[in-house]
Amino acid sequence: MIQNILKGLQVYTGTYSLISKLKLWKYFVIPMLISLAVFILIFASAYGLSDDLGEWISGIWQWDFGKVTFTAISTFISGIILFALGLIMYKHIIMALSSPFMSPVSEKIEEYYTGQPAENHTNTTFAKQFVRSIRIGVRNLAKELIYTLPILLLKFIPVVNIFSTALLFLVQSYYAGVSNMDYTLERHFSYRESISFIKKHRGLAIGNGIGFLILLFIPVIGVILVLPLSVTSATIITVDLLFDDDEGEHIGFEPFEIIENR
């Protein structure tokens, strides 16, 4: 698992060069604008609501002693909760809205590594891609909320809250990786087959998702580049897995060297 997580992160090192080499930036213009607009809207709302939620929670403290401290802690925890929920919403909104633009990117990267046109084994169309992306998003959102809400409650427990932060980060990472990898898998597998495939390689999905979340912590630039870099990385990973399993060739983690040999 740890080895695959590191591999999932390693692939990010060549993504920027690959996007430039294949001239893929034009496909990312609209998704980058969507990402920036949604990020500003959701996280400005979360920031504004954190004080109100903190004040509401502090209402349970009926004593004057320690009231200010309890209010400050409540506001801080409220900010974390709203940030986590905002991050969940942000991921799924931008991935669903960007789906039609990601498929061409995935196809061109697959063609680049395999040396042949990307095949559409599931007869997917623009409309089907959008519907499937929404379906994946709703499914991931439901799963994340089921796991995230109990984890957030652990933050009220001293010491344990340190581990809950790491666990929350891994959960968020996994479902980001699921959506990114499905942009390629939608041409090869049905919805259920895709989910099953990613579960078998969850370490790589987590690694890709960790890169996704790390980019979001880079002010402005991270929000703009998060989709191009994470989707390209996930496509490389997925193509590697698909054709390594089918043809016995390993093409993903050393992309530029492999293509030169071919």
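Residues numbered from 1 in each chain as written. Predicted model: local features only at pLDDT ≥ 70, side-chain atom pairs only at ≥ 80, totals over all residues. Heavy atoms only, no water.

Below, the discussion takes up the side chain of E144. Within the secondary structure layout, E144 lies in helix 5 (residues 126–153). Overall, the relative accessible area of 0% leaves E144 in the buried class. Side-chain polar atoms of E144 contact the side chain of H92, separated by 2.6 Å. When sequence neighbours within four positions are dropped, the list of residues in contact with E144 reads I88, K91, H92, V171, Q172 and Y175. (Helix = DSSP H or I, 4+ residues; strand = E, 2+ residues; numbered from the N terminus. Buried < 20%, exposed > 50% of the residue type's maximum accessible area, 1.4 Å probe, protein only. Polar contact = N/O pair within 3.5 Å; in protein donor to acceptor, adjacent residues only side chain to side chain. Contact = heavy atoms within 4.5 Å.)

Moving on, we get to the environment of P228. Relative to the assigned elements, P228 resides in helix 9 (residues 221–247). Separated by 212 residues in the primary sequence, P228 and Y16 place their C-alpha atoms 8.2 Å from one another. With sequence-adjacent residues up to four places away left out, P228 is seen in contact with I19, W25, F28 and M32.

Let's shift gears to the pattern of salt bridges. Under the counting rule described, the total for this entry stands at 3 salt bridges. With a shortest N-O distance of 3.0 Å, E144 and K91 are connected by a salt bridge. With E144 in helix 5 and K91 in helix 4 (residues 67–114), this pair connects stretches of sequence that are 53 residues apart. Each member of the pair, E144 as well as K91, carries the same accessibility label: buried. When the shortest N-O distance is used, the salt bridge between R132 and D182 registers 2.7 Å. Of this pair, R132 sits in helix 5 while D182 is found in helix 6 (residues 160–185), placing the two residues 50 residues apart along the sequence. (Salt bridge = Lys/Arg side-chain N within 4 Å of Asp/Glu carboxyl O.)

Quick look at the packing of helix 6 against helix 8 (residues 202–216) now. If you want to describe how two helices pack, look at the angle between their axes and the distance between the axes. The geometry of helix 6 relative to helix 8 is characterised by a closest axis approach of 6 Å and an angle of 105° between their N-to-C directions. Considering the angle they form, helix 6 stands roughly perpendicular to helix 8. Judged by residue contacts, F169, L170, Q172, S173, Y174, A176, G177, V178, N180 and M181 of helix 6 engage R202, A205, I206, N208, G209, I210, F212, L213 and I214 from helix 8. Across the contact of helix 6 with helix 8, the residue classes break down as 12 nonpolar, 6 polar and 1 charged. (Axes fitted to C-alpha atoms, helices over the stretch in contact; angles between N-to-C directions. Parallel < 35°, antiparallel > 145°, perpendicular 65-115°, else oblique. Nonpolar A, V, L, I, M, F, W, Y, C, P; charged D, E, K, R; others polar.)

Within soluble globular proteins, side chains that are nonpolar tend to cluster in buried spots. With 61 residues, the main nonpolar core has Y90, I94, F212 and L216 as its most contacted residues. Elements with a minimum of two residues in this core: helix 2 (15–21), helix 3 (25–58), helix 4, helix 5, helix 6, helix 7 (191–200), helix 8 and helix 9. When residues of this core are assigned to their parent elements, the largest contribution, 13 residues, is made by helix 9. The contacts of I94, once residues within four sequence positions are left out, are I34, S35, V38, F212 and L227. (Core = buried A, V, L, I, M, F, W, Y, C linked by side-chain atoms within 4.5 Å.)

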